[in-house]
Amino acid sequence: MGAPTTACCAPIAREPLDEAEAAGLAVLLKSVADPVRLRLLSMIGSHAGGEACVCDLTDAFDLTAPTISHHLKVLRTAGLIDCERRGTWVYYRIVPEAVNRLGALFAPLAEPAPGPVEVELTTA
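Keep in mind it's a predicted model, so treat the numbers as computed, not measured. (Residues numbered from 1 in each chain as written. Predicted model: local features only at pLDDT ≥ 70, side-chain atom pairs only at ≥ 80, totals over all residues. Heavy atoms only, no water.)

Next up on the list: the overall build of the chain. From N to C terminus, the chain includes five helices and three strands. Walking the chain from its N terminus toward its C terminus, one meets helices and strands in the order α-α-β-α-α-β-β-α. Counting the 124 residues in the chain, one finds 24% classified as buried. In the chain, 58% of the contacts between residues at least 6 apart in sequence involve partners at least 24 apart. Here the chain displays about 8,600 Å² of accessible surface, and carbon together with sulfur accounts for 59% of that area. (Helix = DSSP H or I, 4+ residues; strand = E, 2+ residues; numbered from the N terminus. Buried < 20%, exposed > 50% of the residue type's maximum accessible area, 1.4 Å probe, protein only. Contact = heavy atoms within 4.5 Å. Areas by Shrake-Rupley, 256 points an atom, 1.4 Å probe, with all protein chains shown as cover.)

Encoded structure:
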């Protein structure tokens, strides 16, 4: 029989996060706490083939190319996306493990977290 396994990132309602988990997840949450970055992440993830060229992303925003590059760098530094240069263009793709960490944090539990038992007292 193998050793029991524990989830890397248990939902927030199941057990308290330790300091390292909280710090790592905070980086991910901060990176998607901006509407432009959240849209970029969504555009990349939903793009045909699972990756998007930077040329497909910049036209969707009324922002300069350096500003879009900054937002993509924040997502890349957080580990939510990865990229590959092909000729003069850069193609971005989601890193599923990192995005799944965010999803797992708030995933609904099948059962509520254990709590105090309430007992109703009646008088006779």
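Once you've had a look at it, read on.
Here we take up the packing of aromatic side chains. Per the counting criterion, the structure on display carries zero aromatic pairs. When the ring centre of Tyr 91 is taken as origin, the NZ or CZ atom of Arg 86, which lies over that ring, is 4.4 Å away. (Phe/Tyr/Trp six-rings, centres within 6.5 Å; stacked < 30°, edge-to-face > 60°. Lys NZ or Arg CZ within 6 Å of the ring centre and 35° of its normal.)

To continue, consider the sheet that holds strand β1 (residues 51-53). Pairing within the open sheet is antiparallel, and its three strands lie in the order β1-β3-β2. Edge positions in the sheet fall to β1 and β2 (81-86), since each of these pairs with one other strand and no more. Averaged over neighbouring strand pairs, the angle between their axes works out to 25° when direction is ignored. Bridge analysis of β1 against strand β3 (residues 89-94) gives three bridges, and the strand direction is antiparallel. Its bridge partner lying in β3, Ala 52 is registered against Tyr 92. (Pairing = 2+ DSSP bridges. Axes fitted to C-alpha atoms, helices over the stretch in contact; angles between N-to-C directions.)

A word on the nonpolar core. If you look at the biggest cluster of nonpolar residues, it comprises 22 residues, and the most contacted ones within it are Leu 40, Ile 44, Leu 57, Leu 72, Leu 80, Ile 81 and Tyr 92. Mapped by element, the contributors of at least two residues to this core are α1 (19-31), α2 (35-46), α3 (54-58), α4 (65-78), β3 and α5 (96-105). Here Leu 40 is in contact with Leu 57, Phe 61, Ile 68, His 71, Leu 72 and Leu 75, once residues within four sequence places are set aside. (Core = buried A, V, L, I, M, F, W, Y, C linked by side-chain atoms within 4.5 Å.)

Here we come to the pairing of β2. In this structure, β2 lies alongside β3, joined through six bridges in antiparallel fashion. In the sheet register, Ile 81 faces β3, and the bridge partner there is Ile 94.

Let's shift gears to the pattern of salt bridges. In total, this model carries three salt bridges according to the counting rule given. Its salt-bridge partner being Arg 93, residue Asp 82 comes within 3.7 Å of it at the nearest N-O pair. Within this pair, whereas Asp 82 is found in strand β2, its partner Arg 93 is found in strand β3, the two being separated by eleven residues in sequence. Beyond isolated ion pairs, a larger network of salt bridges with shared partners links Glu 51, Glu 84 and Arg 86. (Salt bridge = Lys/Arg side-chain N within 4 Å of Asp/Glu carboxyl O.)

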